[in-house]
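Each chain, written out:
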Amino acid sequence: MASSVNAMERTLIVVFSLLVFDRRVCLATPQDFTATTSIGLCSEAVLIVFKVGSQGTVGYTTSVLNTQAKILSWLPTFCNKKQTYPYVDLYLGLSALGTETNAAAMLASANLRTKFVQALVAAVKTYPNCVGLYVDFDGLTTSQSTGYTAFMTALYDAAVAASLKIASALPWNAEIYADIMFSVTLTKLTFNLLKTYLDMYVSEVEATHPIAPLFQMEAPFDDNKSTIFYSLFRWVIKGFNPNNIILGVPMYARTFSVTGVTALGGAGSATSADVSYCSVEPRLPQEVQQLPLEEPQLPLQEQQLLLEEPQLPLEEPRLLLEEPQLPLEEPRLLQEEPLLPSEFPAYCI
């Protein structure tokens, strides 16, 4: 029997292999992508644009500013990025909650599922430069499990027949959703994105908290089920090949207004905006920040030697002929441009 230490070592190896796997999935919301270049950093890019419409129709993720007409005009600008970045696979994404009326009705009705699958495949095929469909369902209940499995199976079969790729999103809370959503069909998809980039402690609005811990932390954030480690292996235990799961990593921060807080868990009010990793202002190393801004001053005795004209002993004329030298350890800090710390990588552009 393997020891717990050896089991942990194997765990870390699997996690590491997932992290270094050469795939970078980028998620986007509707906009004009004509001038967008960041897609070039992705291996797969997903535009979340579809939702479940009424009576098995395809709806769009509209808002007050983003009308359906605007979204339809922007869709070609996204899919046509394939011409600029031929190595990137572009997907159109479907987002739905089990509590939404249209989504719940579709999952509960075989007839509506068939109509929706046909409409969804036809919508994606309208844009030949987009290679497939990304499906993100969340908030499903146990009673919706059978309908979701039937929907994903029918969608997969229809997509294969239409030469489209299918990918899905996996909720991070595997303790709840792994039993509800897992099916053999999901293991056949091009990839499954584990949404461990979401805030696992989002309900802690009155406390400073971590976003997505890799392992359990000290109390009050010691819930093992609210970790990337637990979520990942709960899905793997259900039947996924780890190579078919892409691990989501949060690249943002929560900001809090606090007073006298020195550790996570302290009371504070969260601000409404998130902070992007690359928007954090780099700080210079402490030893560089503390460098004197003024030109170095000579010792008082040497200043007097330069200002006055006393008669010097023969053995001291070098004080007038040579410029005073700073200590050996200081010229580097004063003359060289300070380097940014290594924790601010070059890819923050």
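Further up the page is the structure itself.
Residues numbered from 1 in each chain as written. Predicted model: local features only at pLDDT ≥ 70, side-chain atom pairs only at ≥ 80, totals over all residues. Heavy atoms only, no water.

*Asks:* Report on the overall build of the chain, specifying residues and quantitative values.
*Replies:* Looking only at helices and strands, the chain features 13 helices and 10 strands. Carbon and sulfur atoms make up 57% of the accessible area of the chain, which amounts to about 20500 Å² in all. (Helix = DSSP H or I, 4+ residues; strand = E, 2+ residues; numbered from the N terminus. Areas by Shrake-Rupley, 256 points an atom, 1.4 Å probe, with all protein chains shown as cover.)

*Asks:* How would you summarise the environment of A105 if you had to cite specific residues and measurements?
*Replies:* Considering the arrangement of structural elements, one finds A105 in helix 4 (residues 101-108). Through-space distance from the C-alpha of A105 to that of G56 is 8.7 Å; in sequence the pair is 49 residues apart.

*Asks:* Explain the environment of G59 to me, and be specific about the residues and the numbers.
*Replies:* Here G59 shows up in strand 3 (residues 58-60). On the basis of relative accessibility, which here comes to 11%, the residue G59 falls in the buried class. Expressed as a C-alpha distance, the spacing of G59 and V49, which sit 10 residues apart in the sequence, is 8.5 Å. In this view, G59 contacts V49, F50, K51, V52 and G53; residues no more than four positions away in its chain are not counted. (Buried < 20%, exposed > 50% of the residue type's maximum accessible area, 1.4 Å probe, protein only. Contact = heavy atoms within 4.5 Å.)

*Asks:* Outline the nonpolar core, supporting the account with residue identities and numerical values.
*Replies:* With 68 residues, the main nonpolar core has F50, F78, L92, F137, F151 and W235 as its most contacted residues. Aside from chain neighbours lying at most four places away, what touches F78 is F33, I39, A45, V46, L47, L90, Y91, L92 and C130. (Core = buried A, V, L, I, M, F, W, Y, C linked by side-chain atoms within 4.5 Å.)

*Asks:* Give a description of the state of the cysteines that names residues and reports values.
*Replies:* Evaluated as defined, the whole model comprises two disulfides. Put simply, C26 and C42 are joined by a disulfide, and their sulfur atoms are 2.0 Å apart. Taking the sign of the S-S torsion, -105° for the link of C26 and C42, the bridge is left-handed. With C26 in strand 1 (residues 25-28) and C42 in the loop between strand 1 and strand 2 (44-52), this residue pair connects regions lying 16 residues apart in the sequence. You can call C26 partly exposed: its relative accessible area is 28%. Paired by a disulfide, C79 and C130 hold their sulfur atoms 2.0 Å apart. Its torsion about the S-S bond being -95°, the disulfide of C79 and C130 is classed as left-handed. Taken together, the positions of C79 in helix 2 (residues 68-79) and C130 in the loop between helix 5 (110-125) and strand 5 (132-138) put the pair 51 residues apart, joining distant regions of the chain. (Disulfide = S-S within 2.5 Å.)

*Asks:* Hey, could you go over the pairing of strand 2 for me, with residue numbers and the actual values?
*Replies:* Counted residue by residue, strand 2 has eight buried out of nine residues, so it is predominantly covered. Of the strand pairs in this sheet, strand 1 and strand 2 are connected by four bridges, and their pairing is parallel. Bridged to L27 within strand 2 is V46. Pairing of strand 2 with strand 4 (residues 89-97), which is carried by six bridges, proceeds in the parallel orientation. When the bridges of strand 4 are listed, V46 appears paired with Y91. When strand 2 meets strand 3, the two strands line up antiparallel, connected through three bridges. Residue pairing for strand 3: K51 is matched across the bridge by G59. Two successive antiparallel strands, strand 2 and strand 3, enclose a turn made up of five residues, where Q55 displays a positive phi of approximately 55°. (Pairing = 2+ DSSP bridges.)

*Asks:* Describe the packing of helix 7 (residues 174-181) against helix 9 (residues 228-238), and please don't skip the residues or the numbers.
*Replies:* It is at 9 Å that the axes of helix 7 and helix 9 come closest, and there the two elements cross at 20°. Considered as vectors, helix 7 and helix 9 are oriented roughly parallel to each other. The hand of the helix 7/helix 9 crossing is right-handed. On helix 9, the residues touching A174, E175, Y177, A178, D179 and M181 of helix 7 are Y230, S231, R234, W235 and K238. (Axes fitted to C-alpha atoms, helices over the stretch in contact; angles between N-to-C directions. Parallel < 35°, antiparallel > 145°, perpendicular 65-115°, else oblique. Left-handed = near helix turned anticlockwise from the far one by under 90°.)

*Asks:* Break down unusual backbone geometry for me, citing the residues and quoting the values.
*Replies:* Look at Q55: it is not a glycine, yet its phi comes out positive at around 55°. Mapping Q55 onto the fold places it in the loop between strand 2 and strand 3. Take Q55: its relative accessible area is 56%, and that puts it in the exposed class.

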